[in-house]
Amino acid sequence: MTRSHAQLQYLIVGLGLLLAALAATPAWAKKTDRIHVAEIVIVGEVKSLERGRLRISTDFMGTVEADWQQVTRVESSKWFEIEIKDGTRYFGNIIDSGEDRVLAVEGEETSARLPFSELVLINQSKEGFWGKIDLSLALGYSFVQATDTTQGSVTGDISRRTRRFHSKFYLLSILSETGDERFTRNDVSWTITRALKGRWTYDAAAEFQSNESLGLDQRYLLRASSLYRALRTDVRELALGAGLAAVREQYRGGEPGDNSLEGTLTLRYFAFHFDDPELEVKAFLTAYPSLTFSGRWRTEFQAEVSRELGWDLFWSLSLYWSTDNKPVSPGAQSSDLSITASLGWSP
């Protein structure tokens, strides 16, 4: 193993120990929410409901997840954002409904009784700036001795949700070394999303990308798009979107950067399988047909399978695939594929 291989391995191990320490950090606030799951009553703190999983923070088991189909009652004095299948949102406390499989919401202006079967999303609305922030961090490392190939990856996101907007900062960095060759890929983005009435949302994003395999030194992108959630249940979501993007690219060779306008066509899919094995599947596909350079198409595809391990830790297997049918840089590849296995932490 070369010195650079060892340095990368030490970095991943060190960050992994940090993940373990963060996962073991206790939460000192008293938890008083009551959740009835089958014949058991769990006292904890309701964090969220998403894709058929009710996330509950407990004092002794960290964050646990319950199959929404097994939950019969929920009661909490905290403030929540609640969304049903048709896109309608409610805000308020969750009080005792007095009836199984019915959620009673008591807000400042309205109250509602909602069948569990209609619910697709519950998010706790915490007070203060930092209380509205969620974060996730995942680290990956692999070494293949036969080909002398080392790959390390860091993936992270920080998101903040308010009544009107959901903002998210995302980072992906992959380093691959084979012999004396070294390639890096970096993706950084900041996205602001607003939900409209019904199943429509729109978002605006600023992105930065670099990919040495594609000969891309830097790409800056400003994007605006709308998204329609064609399928939305408690365990699945399929969304289709379209928009426009202003792009400035700088490729290998030091030539002046090119400005261009691109369309965006987006497909997003989420699914969760609660029976053994418990898996979450995500897939994102975005196509960028150029409106400036005739016949040029770029695509970005990402797929991920993840599984919760307990104590806020998770394991994931991710695939990243970028293509460009008309590479600008001479000798650059037309596609780049990366597969990473990671250990992550999400409180």
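The paragraphs below set out a description of the structure included in this document. (Residues numbered from 1 in each chain as written. Predicted model: local features only at pLDDT ≥ 70, side-chain atom pairs only at ≥ 80, totals over all residues. Heavy atoms only, no water.)

1. Side note on the pattern of salt bridges
For the coordinates displayed, the defined rule picks out 23 salt bridges. A salt bridge links Asp 100 to Arg 73; its shortest N-O distance comes to 2.8 Å. With a gap of 27 residues between them, Asp 100 in the loop between strand E6 (89-95) and strand E7 (102-106) and Arg 73 in strand E5 (residues 71-84) connect regions that are remote in the sequence. Residue classification places Arg 73 among the partly exposed positions, given a relative accessible area of 25%. Members of the salt-bridge network, linked through shared partners, are Arg 53, Arg 55, Glu 65, Glu 280 and Glu 308. (Salt bridge = Lys/Arg side-chain N within 4 Å of Asp/Glu carboxyl O. Helix = DSSP H or I, 4+ residues; strand = E, 2+ residues; numbered from the N terminus. Buried < 20%, exposed > 50% of the residue type's maximum accessible area, 1.4 Å probe, protein only.)

2. Considerations on a nonpolar patch on the surface
Taken together, Leu 135, Ile 158, Phe 165, Phe 169, Leu 171, Trp 190, Ile 192, Leu 196, Trp 200, Tyr 202 and Tyr 228 make up a surface patch of nonpolar side chains, about 960 Å² in accessible area. Those elements that place two or more of their residues in the nonpolar patch are strand E12 (165-178), strand E13 (181-195) and strand E14 (200-211). Take the nonpolar patch: its biggest share by element is three residues, from E12. Relative to the helices and strands, Leu 135 is located in strand E10 (residues 133-144). Take Leu 135: its relative accessible area is 32%, and that puts it in the partly exposed class. (Patch = residues over 30% accessible without salt bridge, like charges linked within 9 Å, V, L, I, M, F, W, Y side chains within 5 Å. Areas by Shrake-Rupley, 256 points an atom, 1.4 Å probe, with all protein chains shown as cover.)

3. Focus: the environment of Trp 315
Locating Trp 315 in the fold gives a position in strand E20 (residues 313-324). Relative accessible area serves as the criterion here: at 36%, Trp 315 is assigned to the partly exposed category.

4. Quick look at the pairing of strand E3 (residues 53-58)
Most of E3 is tucked away: six of the six residues are buried. On E3, burial covers both faces: Arg 53, Arg 55 and Ser 57 on one face and Leu 54, Ile 56 and Thr 58 on the other are all buried. By the bridge criterion, five bridges tie strand E2 (residues 40-50) to E3 in an arrangement that is antiparallel. Opposite Ser 48, over in E3, you have Arg 55 as the bridge partner. Connecting E2 to the antiparallel partner E3 that follows it, the hairpin turn spans two residues, and Arg 51 within it adopts a positive phi of roughly 55°. Of the strand pairs in this sheet, E3 and strand E4 (residues 62-67) are connected by six bridges, and their pairing is antiparallel. Across the sheet, Ile 56 pairs through a bridge with Val 64, a residue of E4. (Pairing = 2+ DSSP bridges.)

5. As for the environment of Ala 104
As for its placement among the helices and strands, Ala 104 is situated in strand E7. Look past the residues within four positions of Ala 104 in its chain and what remains in contact with it is Asn 93, Ile 94, Ile 95, Ser 97, Ala 112 and Arg 113. (Contact = heavy atoms within 4.5 Å.)

6. Notes on the packing of aromatic side chains
Within the structure shown, the criterion is met by four aromatic pairs. Between the aromatic rings of Trp 200 and Tyr 228, the centroid separation amounts to 5.0 Å while the plane-to-plane angle is 45°, which identifies the pairing as tilted. You can see Trp 200 sitting in strand E14 and its partner Tyr 228 sitting in strand E15 (residues 216-232), a full 28 residues away along the chain. Looking at Tyr 228, the relative accessible area reads 33%, which means it is partly exposed. (Phe/Tyr/Trp six-rings, centres within 6.5 Å; stacked < 30°, edge-to-face > 60°.)

7. What about the pairing of strand E18 (residues 279-289)?
Across nine bridges, strand E17 (residues 258-273) lies against E18 in antiparallel orientation. Note on E18: the bridge partner recorded for Phe 270 is Lys 282.

8. Thoughts on unusual backbone geometry
Even without being glycine, Ala 38 reaches a positive phi, approximately 55°. Note on placement: Ala 38 falls in the loop between strand E1 (33-37) and E2.

9. Points about the side chain of Thr 155
When you line up the elements, Thr 155 lands in strand E11 (residues 149-161). Relative accessible area serves as the criterion here: at 15%, Thr 155 is assigned to the buried category. Setting aside its immediate chain neighbours within four residues, Thr 155 contacts Ser 136, Leu 137, Ala 138, Tyr 170, Leu 171, Leu 172 and Tyr 320.

10. Some words on the nonpolar core
Soluble globular proteins: nonpolar side chains tend toward being buried together. Ranked by internal contacts, the top residues of the largest apolar core, which has 21 residues, are Leu 54, Trp 68, Val 71, Val 74, Ile 82, Leu 103 and Leu 119. Secondary-structure elements contributing two or more residues to this core are E1, E2, E3, E5, E7, strand E8 (111-115) and strand E9 (119-124). It is E5 that contributes the most residues to this core, five residues altogether. (Core = buried A, V, L, I, M, F, W, Y, C linked by side-chain atoms within 4.5 Å.)

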